[in-house]
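Listed below are the residues making up each chain.
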Amino acid sequence: MGTPFEDMAEIDRLVHEPSRLAITSALLSCESADFLFLQRITGLSKGNLSSHLSKLERGGIVTVTKSTGGRPRTTISLTPAGRGTVAEHWDRLTRLRDAAREWTAPEE
Amino acid sequence: MPTPPEIDRLENARAVTASYTDFKGLYLVIIGLLLGTMAFLVRDGNLEPLILGLPVFVVLGLLVRAYYRRRFGDVRPLQTPQRIAARTFLPVLALVAFFTAIAVANNLGVNGVWLFIAFMVGVFLMMVGSPWRKRIHYLVSAAVLAVLFLAPLGMLTPSGVHPFEWEYPNLAQVTVAVLFVVNGLLDHRTLVRTLTPVSENGTD
């Protein structure tokens, strides 16, 4: 019988990085959020958040929309595919957490 | 792999994001202040103070809106069928039921204070929402209001009338106003604690 940690091999590295996981987790709970909110909820600096969002956008996980009229505003949302990926990732994480709590290492 | 406390932190962030609008407690503080002020100013059915005061509170509401947008940013919530039902049908149903009950009570010449208290207890219970652990103060408020109403406080007053049944000042309304202000401040505190200020020098 394998360990619960074998599931970790399936983990999506793009989403799993801690800062990106915080960003996508917040986005999973809403339709969209603006840049400032993501900065506040993740505690990332502007530069770091921009860099992570670029990676997620390139990976097709999020869409970044910049409004032109009035005050400039950047809105971020998960793409339909990204929402599926992040939801699946969360399922895997919670499964792993539950399995790790119950699992005891075999004696050598 | 994130450790369980990290997962808990992420779950907390998800919960606050999902209910971001509910945690903007300063709106509730304004409603509480409006209710409290009107309990002292509106007398003998004279609605002039309400008409004059309402624009002030609308302006305060706009200032709070600007404050939240500038300080914490904006979130568009998920429009799930449950959320739509909770945000639209439930309040409308509750209001229709309340006004119907008031009309029936007026026709029967019954004191309507208990209706107001029952309605407000219902409102506080509805506001508990999810995640309930972060909004348990609404549950406490519902209990406090019910206990204050049911307690024989009339025994302590010279007239023997329960303070909630006084015509002026309307103490039932003042109590609800105070509870609104306290709950609003507690919600706001949750938001401030979760959405920490960002250090521009920070690295990750």
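Note that the coordinates shown come from a computational prediction; the quantities given were computed from them, not determined experimentally. (Residues numbered from 1 in each chain as written. Chains lettered and ligands numbered in written order. Predicted model: local features only at pLDDT ≥ 70, side-chain atom pairs only at ≥ 80, totals over all residues. Heavy atoms only, no water.)

Undergrad: Looking at this model, I keep getting lost on the nonpolar core. Mind explaining?
TA: If you look at the biggest cluster of nonpolar residues, it comprises 42 residues, and the most contacted ones within it are Ile-23, Leu-27 and Leu-38 of chain A together with Leu-191 of chain B. Those residues within four positions of Leu-191 of chain B in sequence are excluded, and the remaining contacts are Val-16, Tyr-20, Phe-23, Lys-24, Tyr-68 and Phe-72 of chain B. Counting 17 residues, the second largest nonpolar core, distinct from the first, contains Ile-117, Val-121, Val-128 and Phe-149 of chain B. (Core = buried A, V, L, I, M, F, W, Y, C linked by side-chain atoms within 4.5 Å. Buried < 20%, exposed > 50% of the residue type's maximum accessible area, 1.4 Å probe, protein only. Contact = heavy atoms within 4.5 Å.)

Undergrad: Which parts of the structure should I look at to understand the UniProt feature "domain: Winged helix DNA-binding" (unreviewed entry) in chain A?
TA: In this structure's numbering, the residues bearing the UniProt feature "domain: Winged helix DNA-binding" (unreviewed entry) are residues 20–95 of chain A. With 61% helix and 22% strand, residues 20–95 of chain A has end C-alpha atoms that lie 20 Å from one another. (UniProt positions renumbered as here; feature names shortened; annotations may be inferred. Helix = DSSP H or I, 4+ residues; strand = E, 2+ residues; numbered from the N terminus.)

Undergrad: How should I be thinking about the sheet that holds strand 3 (residues 73–78) of chain A in this particular structure?
TA: Strands pair in a sheet through their backbones, by hydrogen bonds, and they do so in one of two ways: parallel or antiparallel. Across the sheet, four strands lie side by side as 2(A)-3(A)-1(A)-1(B); this open sheet has antiparallel pairing. On the outer flanks of this sheet lie strand 2 (62–67) of chain A together with strand 1 (75–77) of chain B, each paired with one strand and no other. Geometrically, the sheet is characterised by an average inter-axis angle of 20° between neighbouring strands, direction not taken into account. Across the sheet, helix 2 (residues 18–28) of chain A is in contact with strand 1 (30–34), strand 2 and strand 3 of chain A; its angle to strand 3 of chain A comes to roughly 85°. (Pairing = 2+ DSSP bridges. Axes fitted to C-alpha atoms, helices over the stretch in contact; angles between N-to-C directions.)

Undergrad: In this structure, what is going on with the confidence of the model for chain B? I would like to understand it.
TA: Note: predicted coordinates in regions of low pLDDT should not be interpreted at a detailed level. Summary statistics for chain B give a mean pLDDT of 84 and a share of 94% for residues scoring 70 or more. Reported confidences for the modelled complex are a pTM of 0.80 and an ipTM of 0.79. (pLDDT = per-residue confidence, 0-100.)

Undergrad: I'm lost on the pattern of salt bridges in this one. Help?
TA: If charged atoms from side chains of opposite charge come close, those side chains can pair. Tallied over the entire structure, the rule returns four salt bridges over all chains. The salt bridge involving Arg-69 of chain B is made with Asp-74 of chain B; its shortest N-O contact spans 3.5 Å. Judged by relative accessible area, Arg-69 of chain B falls into the partly exposed class, the value being 30%. Asp-74 of chain B gets classed as buried once you look at its relative accessible area, which sits at 17%. Among the charged side chains, a network of salt bridges with common partners joins Asp-34 and Arg-73 of chain A together with Arg-69 and Asp-74 of chain B. (Salt bridge = Lys/Arg side-chain N within 4 Å of Asp/Glu carboxyl O.)

Undergrad: Explain the interface of chain B and chain A to me, please; I cannot follow it from the model alone.
TA: Many descriptions give the size of an interface as the accessible area lost when the pieces come together. Contact with chain B, which involves 33 residues of that partner, is made by 34 residues of chain A. Summed over the shared surface of chain B and chain A, the number is one salt bridge. Among the ionic pairs, Arg-73 of chain A bridges to Asp-74 of chain B, the shortest N-O distance being 3.4 Å. Between chain B and chain A we count eight residue pairs in polar contact (both at pLDDT 80 or more) in total. Sorting the residues of the side of chain B that touches chain A by element identifies helix 1 (4–18), helix 3 (48–72) and strand 1 of chain B as the ones contributing at least two each. Top contributing element to the side of chain B that touches chain A by residue count: helix 1 of chain B, with nine residues. Within the side of chain B that touches chain A, the residues separate by chemical class into 15 nonpolar, eight polar and ten charged. (Polar contact = N/O pair within 3.5 Å; in protein donor to acceptor, adjacent residues only side chain to side chain. Nonpolar A, V, L, I, M, F, W, Y, C, P; charged D, E, K, R; others polar.)

Undergrad: Help me understand the packing of helix 2 of chain A against helix 3 (residues 35–42) of chain A in this model?
TA: When two helices pack together, their arrangement is given by the angle between their axes and by how far apart the axes lie. All names here are of chain A. At a minimum axis separation of 10 Å, helix 2 and helix 3 run at an interaxial angle of 120°. On the basis of the axis angle, helix 2 is oblique to helix 3. In terms of crossing hand, the pair formed by helix 2 and helix 3 is right-handed. Here Ala-22, Ile-23, Ala-26 and Leu-27 of helix 2 come into contact with helix 3, specifically with Leu-38, Ile-41 and Thr-42. Classifying every residue of the contact of helix 2 with helix 3 gives six nonpolar, one polar and no charged. (Parallel < 35°, antiparallel > 145°, perpendicular 65-115°, else oblique. Left-handed = near helix turned anticlockwise from the far one by under 90°.)

Undergrad: Could you clarify how one ought to interpret the pairing of strand 3 of chain A in this entry?
TA: Residues in a regular strand point their side chains to alternate faces of the sheet. Residues and elements named next belong to chain A. Pairing geometry for strand 1 and strand 3, over two bridges, is antiparallel. Looking at the pairing, Ala-33 lines up with Ile-76 of strand 3. Two strands pair when backbone bridges link them, and strand 2 and strand 3 are joined in this way by six bridges, in the antiparallel orientation. For Thr-63, the partnering residue across the bridge sits in strand 3 and is Ser-77. The turn joining strand 2 and strand 3, which pair antiparallel and follow one another in sequence, is formed by five residues; a positive phi near 65° is taken by Gly-70.

Undergrad: What is the right way to read the UniProt feature "transmembrane region" (unreviewed entry) in chain B from this model?
TA: Residues and elements named next belong to chain B. The feature "transmembrane region" (unreviewed entry), as annotated in UniProt, sits at residues 25–43, 49–68, 89–106, 112–129, 136–156 and 168–186 in this numbering. Summarising residues 89–106: 100% helix, 0% strand, and an end-to-end C-alpha distance of 26 Å. Annotated as residues 112–129, this span is 89% helix and 0% strand, and its ends, taken at the C-alpha atoms, are 27 Å apart.

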